[in-house]
Amino acid sequence: MAAWFAPAELKAGIFGKKHKPAAASLDGSAIAPITTGLGSTGDIYAELGVTPLVNINGTLTVIGGSVMRPEVMELIRRGNEHFVLIDELEVAAGKFIAKLCKSPAGYTGLVTAGAAAAMVVGYAGMMTEDLEPRLRDIPDVSNFPRSEVIIQKSHRYPFDHQIRQTGAKLVEVETREEMIAAINSKTLAIHFTNILSDKGKVSGTETVAIAKEHNLYTFNDAAADVPPKERLWEYPVMGFDMVAFSGGKDIRGPQASGILLGKEELIRYALMNMSPQEDRIGRCCKVGKETILGLLKALEIFVNQDFDATLKMYDERAKVITDAVRKFGVIARPRQFNPQALGNVTPRYSWQIPAELGITGPEVMQKLADTRPIGIGSMGAGASGMRGRNPDSPAAENFKENRPPRDPHTFGFPVWQLKEGEDKIIANRLVEIFRALPKA
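Residues numbered from 1 in each chain as written. Predicted model: local features only at pLDDT ≥ 70, side-chain atom pairs only at ≥ 80, totals over all residues. Heavy atoms only, no water.

> Would you mind going over the environment of Leu 311 with me for this structure?
Relative to the elements of secondary structure, Leu 311 occurs in helix H13 (residues 307–325). When its relative accessible area of 12% is taken as the criterion, Leu 311 is described as buried. Residues Leu 311 and Trp 416 lie 105 residues apart in sequence; the distance between their C-alpha atoms is 8.9 Å. Not counting residues up to four positions away in its chain, the partners in contact with Leu 311 are Arg 335, Phe 337, Pro 347 and Tyr 349. (Helix = DSSP H or I, 4+ residues; strand = E, 2+ residues; numbered from the N terminus. Buried < 20%, exposed > 50% of the residue type's maximum accessible area, 1.4 Å probe, protein only. Contact = heavy atoms within 4.5 Å.)

> What's the story with the nonpolar core in this structure? I'm lost.
For soluble globular proteins, nonpolar side chains are generally found buried alongside one another. One finds Ile 97, Met 126, Leu 232, Phe 245, Leu 260 and Leu 299 to be the most contacted residues of the largest nonpolar core, which totals 64 residues. Once residues lying within four places of it in the same chain are set aside, the contact partners of Ile 97 are Gly 109, Leu 110, Val 111, Ile 259, Leu 261, Leu 295, Leu 296 and Leu 299. Membership of the second largest hydrophobic core comes to 31 residues, among which are Val 325, Ile 353, Val 415 and Ile 426. (Core = buried A, V, L, I, M, F, W, Y, C linked by side-chain atoms within 4.5 Å.)

> Is there a simple way to explain the confidence of the model for the chain in this structure?
Regions with low pLDDT should not have their predicted coordinates read in detail. For the chain, mean pLDDT is 91; residues scoring 70 or higher make up 89% of the total. In this model residues 1–17 is a low-confidence stretch, pLDDT under 50, and it forms 30 contacts with partners more than four residues away in sequence or in other chains. (pLDDT = per-residue confidence, 0-100.)

> What exactly am I supposed to notice about helix H12 (residues 289–304) here?
Side chains three or four residues apart in an α-helix point the same way, a direct result of the helix having 3.6 residues per turn. With 16 residues, H12 should cover 22 Å at 1.5 Å per step; its first-to-last C-alpha distance of 23 Å lies within 8% of that length. Considered for burial, the residues of H12 that qualify are Lys 289, Ile 292, Gly 294, Leu 295, Leu 296, Ala 298, Leu 299, Ile 301, Phe 302 and Val 303. Summarising the contacts, the buried residues of H12 are in contact with helix H3 (70–79), helix H4 (86–100), strand E2 (107–112), helix H10 (231–238) and strand E8 (258–263). (Expected span 1.5 Å × (residues − 1).)

> Help me understand the packing of aromatic side chains in this model?
Each aromatic ring pair is summarised here by two numbers: the centre-to-centre distance and the angle between the ring planes. Scanning the entire structure with this criterion turns up eight aromatic pairs. Each ring, one from Phe 192 and one from Phe 240, has its centre 5.6 Å from the other, and the planes form 40°; the classification is tilted. With a gap of 48 residues between them, Phe 192 in strand E5 (residues 187–193) and Phe 240 in the loop between H10 and strand E7 (242–246) connect regions that are remote in the sequence. Ring centres of Phe 411 and Phe 434 lie 6.3 Å apart, and the angle between their planes is 50°; this geometry places the pair in the tilted category. In this pair, Phe 411 is assigned in strand E12 (residues 410–413) and Phe 434 in helix H15 (residues 422–435), connecting sequence segments 23 residues apart. Since its relative accessible area comes to 2%, Phe 411 is described here as buried. In this structure Phe 434 comes out as buried when scored by relative accessible area, which is 2%. (Phe/Tyr/Trp six-rings, centres within 6.5 Å; stacked < 30°, edge-to-face > 60°.)

> How should I be thinking about a negative patch on the surface in this particular structure?
On the surface, a cluster of negative charge is made up of Asp 137, Asp 140, Glu 278 and Asp 279. Summarising the element assignment, Asp 279 is placed in the loop between helix H11 (264–272) and H12. (Patch = residues over 30% accessible without salt bridge, like charges linked within 9 Å, V, L, I, M, F, W, Y side chains within 5 Å. Areas by Shrake-Rupley, 256 points an atom, 1.4 Å probe, with all protein chains shown as cover. Salt bridge = Lys/Arg side-chain N within 4 Å of Asp/Glu carboxyl O. Lys, Arg positive; Asp, Glu negative; His and termini not counted. Charge placed at Lys NZ, Arg CZ, Asp CG, Glu CD.)

> I'm lost on H11 in this one. Help?
Summarising burial for H11: seven of the nine residues are buried, a large majority. Among the residues of H11, Leu 266, Ile 267, Arg 268, Tyr 269, Ala 270, Leu 271 and Met 272 are the ones counted as buried.

> Sorry, what's going on with the side chain of Thr 410 here?
Structurally, Thr 410 can be placed in strand E12. Beyond its immediate stretch of four places on either side in the chain, Thr 410 contacts Arg 333, Trp 351, Gln 352 and Gly 361.

> Looking at this structure, I do not really get the sheet that holds strand E9 (residues 331–332). What am I missing?
Consider a sheet: its strands pair through backbone hydrogen bonds, and that pairing is either parallel or antiparallel. Taken together, three strands build an open sheet; the order of strands is E9-E10-E12 and the sheet is antiparallel. The outermost strands of the open sheet, each flanked by one partner alone, are E9 and E12. Here four bridges tie strand E10 (residues 349–352) to E12, and the two strands are oriented antiparallel to one another. Bridged to Trp 351 within E12 is Phe 411. Set on the sheet, H13 makes contact with E9, E10 and E12; between it and E10 the angle comes to about 20°. (Pairing = 2+ DSSP bridges. Axes fitted to C-alpha atoms, helices over the stretch in contact; angles between N-to-C directions.)

> Is there a simple way to explain the pattern of salt bridges in this structure?
Close approach of charged atoms allows side chains with opposite charge to pair. What the rule picks out here adds up to 18 salt bridges. Note that Glu 132 is salt-bridged to Arg 136, the shortest N-O span being 3.8 Å. Of this pair, Glu 132 and Arg 136 both sit in helix H6 (residues 132–137), four residues apart, which is roughly one turn of the helix.

> Please clarify how a nonpolar patch on the surface should be interpreted in this entry.
Together, Leu 38, Ile 44, Tyr 45, Leu 48 and Val 50 line one region of the surface with nonpolar side chains, adding up to about 480 Å² of accessible area. Here Val 50 lies in the loop between helix H2 (44–48) and strand E1 (53–54).

> Sorry, what's going on with the sheet that holds E7 here?
Within the open sheet, the seven strands sit side by side as E2-E8-E7-E6-E5-E3-E4. Their pairing is mixed. Either end of the sheet is taken by a strand with one partner, and the two such strands are E2 and strand E4 (169–173). Each strand axis lies, on average, 25° off the axis of its neighbour in the sheet, ignoring direction. The pairing of E2 with E8 spans six bridges and is classified as antiparallel. Residue Val 111 lies in a different strand from E8, and its bridge partner there is Ile 259.

Structural data, given as structure tokens:
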């Protein structure tokens, strides 16, 4: 760790003598009531003319990901109490993350502005190292010795844009033999898209082995792949040099937060490529002290949770809905849950509608979404967000959520992002929907 930062003055600021705790400050410490202007009505979304949602879609960025716990909000407030050196805080946070996530010796963490930002600064760090001319020049990598990243064709997805924006060139392969044949003097790394790992012909273990044999880096984007929490330490132990996770999904940290776990030297290079450093490709990937502290608390709670108890809570929420709609002949179907699935692992609950009610599952979901003043889910909440005009037919994308074929006589959703009491809101609204149907 002694070599973390090259400039002497920066070393002194981060690794110098310990400071005595400062006296409690006034700024940022009190929770002030809002009596005038924006927020004074207590209904900020109504003031802005925006419809809030009960989240039955999942941890989608386009609807805000997840809701932070009270303890996380409190740490964010405390983070606003003092000024600190952001680099010093990032280094300390990285150690905390590495310990919490049982990282191998020589690994540390970095709080980033989301998992996508982790990819930008991670790949930038691989290419620039700590060389100032490269740190300034990227994404012009024309004079960089290594700037090619191998990726399985089946692992291409919207987020490889974050690799390409560093100036790196993606080289597609399909088989293990093609992967090895594609390696040359310009090859920097092999990228692994965890959510698509069942689509490729080269496994994570094989990817790491090939990379180590040829002195290449490996990056595993596992943004949506916790829970289970064990993946936080399994992938670094597998040997990936860098692994990215979202902090704003089920970890329930600040929405614009991510976790980059990796070799200490590579994490140092990544931090050199991001804010608060200036004239860097990742200057736009700014992480504030409040976000860092909020993410640490969210991660601590997530790692220490009793997931069996969490599953029981989900079942109880679904039962509230089941009990409410049973009187209409709407019956709960078996819970669908694969704890080892890829991407957004959570139970999904569904209900069977008797044909005589004369309403389909999609129609029920649309009526839920149309609920006001608070919508229940959103039929328009596509994971990819807004799209521009395309005069040509769009190419087929690999990055699609794995869902079973829809039965028109069923409706269903996950309940993991519901806040307390929202199960009753859904149940009451469903009773209204079914009660209003014409009698057969």
